[in-house]
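Structural characterization, general
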Amino acid sequence: LLKTSLTHDKDRLYLWEAGWLGFKANPILGIGIGNHARDYEQYRQIVSARHDGYRFINKPGAGVHNLYLQMAYSLGSLGLLTYLWWCGTVLVWCAVSLRKAGPQHRLEVGLLWGCIGGLVGSMTAAFFENNFFDSEVQNMLMLLIGLALFAGMEVRLRKGGSFG
């Protein structure tokens, strides 16, 4: 933490710059999942030339190190918007469920707040990692969604209301 500075952290910033160049070249649909290992190097070379022949620490297959930029690069604007819509939908589901919850829903309220915290934490970490493409993170997100759905449905069913 004490060594953090623009001088020490250039690699990540330059990876982001290369990812942005790749996104600008394929803005709608991206290059496709898994294709960055072979396609990304050309943008890294452009960034390297811009910055006095900078040599990257990470290999091209390591990706952009920013989930939102990686999504935009790999899946284009449509993929990134779909991911953000998906996250927003889960957060809205949790918020609406919390609003409908009563004092008898203590477990459900705890689960919903935990899901919000987990999702927001994952989305925050995504600024610095391509964590969505890790199977452990995908499993965690699916568990969060399942818990959020369970808790929200319990609130609605035990309250006697509808799913609307």
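Located above this text is the structure these notes cover.
The following paragraphs examine the structure supplied in this document.

Cut-offs used in this document
Residues numbered from 1 in each chain as written. Predicted model: local features only at pLDDT ≥ 70, side-chain atom pairs only at ≥ 80, totals over all residues. Heavy atoms only, no water. Helix = DSSP H or I, 4+ residues; strand = E, 2+ residues; numbered from the N terminus. Rg over C-alpha atoms; globule rule 2.2 N^0.38 Å. Buried < 20%, exposed > 50% of the residue type's maximum accessible area, 1.4 Å probe, protein only. Contact = heavy atoms within 4.5 Å. Areas by Shrake-Rupley, 256 points an atom, 1.4 Å probe, with all protein chains shown as cover. Salt bridge = Lys/Arg side-chain N within 4 Å of Asp/Glu carboxyl O. Axes fitted to C-alpha atoms, helices over the stretch in contact; angles between N-to-C directions. Parallel < 35°, antiparallel > 145°, perpendicular 65-115°, else oblique. Left-handed = near helix turned anticlockwise from the far one by under 90°. Core = buried A, V, L, I, M, F, W, Y, C linked by side-chain atoms within 4.5 Å. Disulfide = S-S within 2.5 Å.

A tally of regular secondary structure across the chain gives five helices and zero strands. The order of α-helices and β-strands along the chain, N terminus first, is α-α-α-α-α. Relative to the 2.2 N^0.38 estimate, which gives 15 Å for 164 residues, the radius of gyration of the chain is 20 Å and therefore markedly larger than a compact globule would have. Projecting the C-alpha coordinates of the chain onto the three principal axes gives extents of approximately 65 × 40 × 20 Å. Expressed as a percentage of the 164 residues in the chain, the buried residues total 39%. Contacts in the chain between residues at least 24 apart in sequence constitute 74% of all its contacts with a sequence separation of at least 6. Within the structure as shown, the chain displays about 9,500 Å² of accessible surface, and the carbon and sulfur contribution to it stands at 67%.

Take the pattern of salt bridges next. Within the structure shown, the criterion is met by five salt bridges. The shortest N-O distance in the salt bridge between E129 and R12 comes to 3.7 Å. Of this pair, E129 sits in the loop between α4 (106–125) and α5 (135–159) while R12 is found in helix α1 (residues 10–25), placing the two residues 117 residues apart along the sequence. Judged by relative accessible area, R12 falls into the partly exposed class, the value being 27%. Measuring nitrogen to oxygen at the nearest pair gives 3.4 Å for the salt bridge that ties R158 to E154. On the criterion of helical spacing, the pair formed by R158 and E154 is a turn pair, its members being four residues apart in helix α5. Salt bridges here are not isolated pairs; linked through shared partners, they connect E108, E154 and R158.

Below, the discussion takes up the side chain of H65. Following the sequence through the fold, H65 ends up in the loop between α2 (36–50) and α3 (67–100). Given a relative accessible area of 10%, H65 falls into the buried group. The contact partners of H65, leaving out residues within four places of it in the chain, are R12, L15, W16, N58, F127, F128, E129 and N130.

Two elements in contact, α4 and α5, have axes separated by 9 Å at closest approach and are oriented at 150°. Here α5 runs roughly antiparallel to α4, going by the angle between their axes. As for how α4 packs across α5, the hand of that crossing is left-handed. In this structure, α4 contributes E108, L111, L112, G114, C115, G118, L119 and S122 to the contact, and α5 contributes V137, M140, L141, L144, L147, A148, F150, A151, G152, E154, V155 and R158.

To continue, consider the nonpolar core. The nonpolar side chains of soluble globular proteins are, as a tendency, buried together. Formed by 24 residues in total, the largest nonpolar core has its most connected members in Y83 and C94. Contributing elements (two or more residues each) for this core: α3, α4 and α5. If one sorts the elements of this core by residue count, α3 sits on top with ten residues. Contact partners of Y83, with chain neighbours within four places excluded, come to L67, Y68, M71, M123 and F132.

Glancing now at the state of the cysteines. Considering all chains together, one arrives at zero disulfides under this definition. Cysteine C94 shares no disulfide, and the gap to the nearest cysteine sulfur, in C115, comes to 5.1 Å. We classify C115 as buried; its relative accessible area is 3%.

This part covers unusual backbone geometry. Even without a glycine there, the phi angle at D52 is positive, about 55°. Checked against the element boundaries, D52 lands in the loop between α2 and α3. Relative accessible area serves as the criterion here: at 78%, D52 is assigned to the exposed category. The residue H65 is not glycine, and still its phi comes out positive at about 65°.

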